[in-house]
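These are the residues of each chain, in order.
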Amino acid sequence: MAQNVYSLNVVGYVNQTVTANTWYMWGNPLNAVGTDNGTESVLTNLVSTAPSPQPNDWANSVVYGFVSGSYTAGDAYYPNYGWFPGNVAGGGADLTPGNGFFFYPATNGTVTFVGQVTTNNSFHLAGPAGWSLVSSAFPATNTLTAMGLIGVPNDVVYRFNKAAFGGYDQGTANYPSYGWYDGDPTAGPGDTTTAGPVINVGEGIFYQNNNATVTWTQNFTIQ
Amino acid sequence: MKKLLLTTLIAGALAGSAFAQGTVSLQASSAGHGLIQYQTAGGTTNAFPTGSPATIGTYGNLDVAVYYASANTADPITSSTASLLPTGSTGWTESANVLHQIAPTAGSTPLTTFTLTSDAGADSQEVMVLAWTGTYADWNSALQASSSLYAWTGRFGIGGLDWSNGTGAPNGTPPVASVALTYSATAGFDGLVLESIPEPTSFALAGLGLATLLIFRRRK
């Protein structure tokens, strides 16, 4: 007797437009199933704006991951070769959804992430005074709390400001009996905007955990 | 609340400064630029073979380091002459790590972050890139041994002898990614050609040969 086969796997794509020689702090919004989510598996759909786009247009593009408080040595795009190291086992950045990373393209163009939607994820945030570069594993625009980062008083979140390399916003801190305070001038008694800033699809953020190591979880339902 | 925010941010900054250090990165070498090469006794230039560590026969493994100093520190090395470097607080300091690998193709450097331990990070440092072969821990030791192949930025007019370069701050608040070394044919890094440094006696013999040749041609 034939059985019905159901699949809960949802696949999709996300486009990111980039400008040459500009830093981007990103997260991979879609899981490259069957791979280790290294650069050679995730950053494969690269199309420059050159009249005749070639893979080599991306030569000297760079990716840095951030693991256990330190940047990875970096992955670079080599002409006629591709990404190196390219895979996690070889020391390359781990772009699994939920991890943040820096991307520095060498050309103007479009990066297309292709893969499966992740509905469950855990943010392991080392503390105290620990730094984590994270992103929502789920491809949606959400506030910090909606993406699972509930926060504990004294935690701080920084968004990258690509207008100037090394520049970040002023930070969003978490306060006792309040929540995330992101500089809202009306903050105070009665203010309900305590969910933190809205994080874009595929955007990475730095999370400074000033408390004990904690794990936050994401659970989304696709309807 | 703003006071608490300020206190939190300052505390974070102070916590970071206790481990302050700067970082710079060697970019990926691409065909024709930024390659690590070596010159044999016959004068042929070859791409350094791949390996980790990458090695050349009896000369041993490759060592590539960034040397850094505060702005305007004198650099005794010239485009034609290698020299020992002054060290200490007013001299030059070697990066905490040294690159030994050539990958993924001959002559190519993998993207490498060098840690400048005594630099505060997120500032500017005077830098140069030096290379040698063998198991010597630093440039001065290798140069004194006089048995290695050597290279430095600015040699043969390739790149700058030294230049001002921004640095990253991995322990900053928030952490700042490493800053790539300036990539320029005249004022930054654009590859290295390792070679043995001729002994003074070799220079003298070469000069004598040239003088003899000139005298011989005049008599003709």
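As the structure is a computational prediction, the values presented were derived from the model and not from experiment.

Enquirer: Just to check I follow, could you spell out the overall build of chain A for this structure?
Expert: Across its full length, chain A carries one helix and 18 strands. Here the C-alpha radius of gyration of chain A, 18 Å, is about what a compact globule of 223 residues would show, namely 17 Å. Overall, chain A is about 60 × 60 × 30 Å in size when its C-alpha atoms are taken along their principal axes. Taken over 223 residues, chain A has a buried fraction of 47%. A separation of at least 24 residues holds for 72% of the contacts in chain A among residues at least 6 apart in sequence.

Enquirer: I tried to follow the overall build of chain B on my own but got confused; where do I start?
Expert: Across its full length, chain B carries three helices and twelve strands. Across the 220 residues that make up chain B, the buried fraction comes to 42%.

Enquirer: Would you mind going over the domain arrangement of chain A with me for this structure?
Expert: How big an interface is tends to be stated in terms of the accessible area lost upon association of its parts. Residues and elements named next belong to chain A. We note that the domain assignment places domain 1 (15-115) and domain 2 (120-219) within chain A. At the interface, 18 residues of domain 1 touch 19 residues of domain 2. Secondary-structure elements contributing two or more residues to the side of domain 1 that touches domain 2 are strand E2 (24-27) and strand E8 (100-104). For the side of domain 1 that touches domain 2, the element with the most residues is E2, which contributes four residues. In the side of domain 1 that touches domain 2, the residues fall into ten nonpolar, eight polar and no charged.

Enquirer: Please clarify how the sheet that holds strand E7 (residues 112-116) of chain B should be interpreted in this entry.
Expert: Hydrogen bonding along the main chain pairs the strands of a sheet, whether they run parallel or antiparallel. All names here are of chain B. Within the open sheet, the three strands sit side by side as E7-E1-E11. Their pairing is mixed. Looking at which strands have only one partner, the edges of the open sheet turn out to be E7 and strand E11 (179-180). Where strand E1 (residues 22-26) lies against E7, five bridges are found, and the strand directions are antiparallel. Bridge assignment links Thr-23 to a residue of E7, and that residue is Thr-115.

Enquirer: Just checking my understanding: could you explain the sheet that holds strand E13 (residues 156-159) of chain A for this structure?
Expert: Residues and elements named next belong to chain A. An order of E11-E17-E13-E14-E15 is seen for the five strands of this open sheet, with the pairing classed as antiparallel. The open sheet has two edge strands, strand E11 (130-135) and strand E15 (179-181), and neither has a second partner. Neighbour-to-neighbour, the strand axes of this sheet turn through a mean angle of 25°, independent of strand direction. Relative to strand E17 (residues 204-209), E13 is paired through four bridges, and the arrangement is antiparallel. In the sheet register, Val-156 faces E17, and the bridge partner there is Gln-208.

Enquirer: Can you help me understand the nonpolar core in this one?
Expert: A general trend in soluble globular proteins is that nonpolar side chains are found buried together. By size, the foremost hydrophobic cluster in this structure holds 95 residues, and its most contacted members are Phe-101 and Phe-102 of chain A together with Tyr-67 and Leu-130 of chain B. The element contributing the most residues to this core is strand E5 (residues 60-69) of chain B, with seven residues. When residues are assigned to domains, this core turns out to be shared by domain 1 (15-115) and domain 2 (120-219) of chain A, each giving three or more. Discounting residues that sit within four places of it in the chain, Tyr-67 of chain B has contacts with Leu-85, Trp-92, Thr-93, Glu-94, Val-127, Met-128, Leu-130 and Trp-139 of chain B.

Enquirer: It is not clear to me how the interface of chain A and chain B should be interpreted in this structure. Could you clarify?
Expert: Listed as interface residues are 29 residues of chain A and, on the opposing side, 27 residues of chain B. Going through the elements one at a time, strand E4 (62-67), strand E5 (70-71), strand E6 (75-78), E13, strand E14 (172-175) and E17 of chain A are the ones with two or more residues in the side of chain A that touches chain B. Among the elements that take part in the side of chain A that touches chain B, E6 of chain A stands out by supplying three residues, more than any other. Broken down by class, the residue content of the side of chain A that touches chain B amounts to 21 nonpolar, seven polar and one charged.

Enquirer: Help me out: how do you make sense of the environment of Ser-79 of chain B in this one?
Expert: Residues and elements named next belong to chain B. For Ser-79, the location among the structural elements is in the loop between E5 and strand E6 (93-94). Note: C-alpha distance between Ser-79 and Asn-165 (86 residues apart in sequence) is 20 Å. Those residues in contact with Ser-79 that sit more than four places away from it in its chain are Gly-154, Arg-155, Gly-157 and Leu-161.

Enquirer: Please explain the pairing of E17 of chain A as it appears in this structure.
Expert: A regular strand carries its side chains on alternate faces of the sheet. Residues and elements named next belong to chain A. With six of its six residues buried, E17 lies for the most part within the structure. Side chains Gly-204, Phe-206 and Gln-208 project from E17 onto one buried face, and the interleaved Ile-205, Tyr-207 and Asn-209 project onto a second face that is buried too. Inspection of the sheet shows E11 paired to E17 by six bridges, in the antiparallel sense. What sits directly across from Leu-133, in E17, is Phe-206.

Enquirer: Would you explain the environment of Ser-95 of chain B in this entry?
Expert: Summarising the element assignment, Ser-95 of chain B is placed in the loop between E6 and E7. Once the C-alpha coordinates of Ser-95 of chain B and Tyr-68 of chain B are considered, the two residues, 27 residues apart in sequence, prove to be 7.4 Å apart.

Enquirer: Can you walk me through the confidence of the model for chain B in this structure?
Expert: Interpretation of the predicted coordinates at a detailed level should be avoided for regions scoring low in pLDDT. All names here are of chain B. For chain B, the mean per-residue pLDDT works out to 84, and 81% of the residues sit at or above 70. Segment residues 1-18: pLDDT under 50, and 19 contacts once partners within four positions in sequence are set aside and those in other chains are kept. Segment residues 200-216: pLDDT under 50, and one contact once partners within four positions in sequence are set aside and those in other chains are kept.

Enquirer: Sorry, what's going on with unusual backbone geometry here?
Expert: The phi angle of most residues is negative, glycine excepted, and most peptide bonds adopt the trans form. With an omega of -5°, the peptide bond running from Gly-127 of chain A to Pro-128 of chain A counts as cis. With an omega dihedral of -5°, the bond running from Thr-173 of chain B to Pro-174 of chain B counts as a cis peptide bond. Take Pro-174 of chain B: it is sitting in the loop between strand E10 (163-166) and E11. Here the phi dihedral of Ala-129 of chain A falls at roughly 55°; this positive angle occurs in a residue that is not glycine. Residue position: Ala-129 of chain A is located in the loop between strand E10 (120-125) and E11. In this structure, Phe-156 of chain B takes a positive phi of about 60° despite not being glycine.

The rules behind these values
Residues numbered from 1 in each chain as written. Chains lettered and ligands numbered in written order. Predicted model: local features only at pLDDT ≥ 70, side-chain atom pairs only at ≥ 80, totals over all residues. Helix = DSSP H or I, 4+ residues; strand = E, 2+ residues; numbered from the N terminus. Rg over C-alpha atoms; globule rule 2.2 N^0.38 Å. Buried ≥ 20, exposed ≤ 12 C-beta atoms within 10 Å, placed from the backbone. Contact = placed C-beta atoms within 7 Å. Domains from an automatic or database assignment. Nonpolar A, V, L, I, M, F, W, Y, C, P; charged D, E, K, R; others polar. Pairing = 2+ DSSP bridges. Axes fitted to C-alpha atoms, helices over the stretch in contact; angles between N-to-C directions. Core = buried A, V, L, I, M, F, W, Y, C linked by C-beta atoms within 7 Å. pLDDT = per-residue confidence, 0-100.

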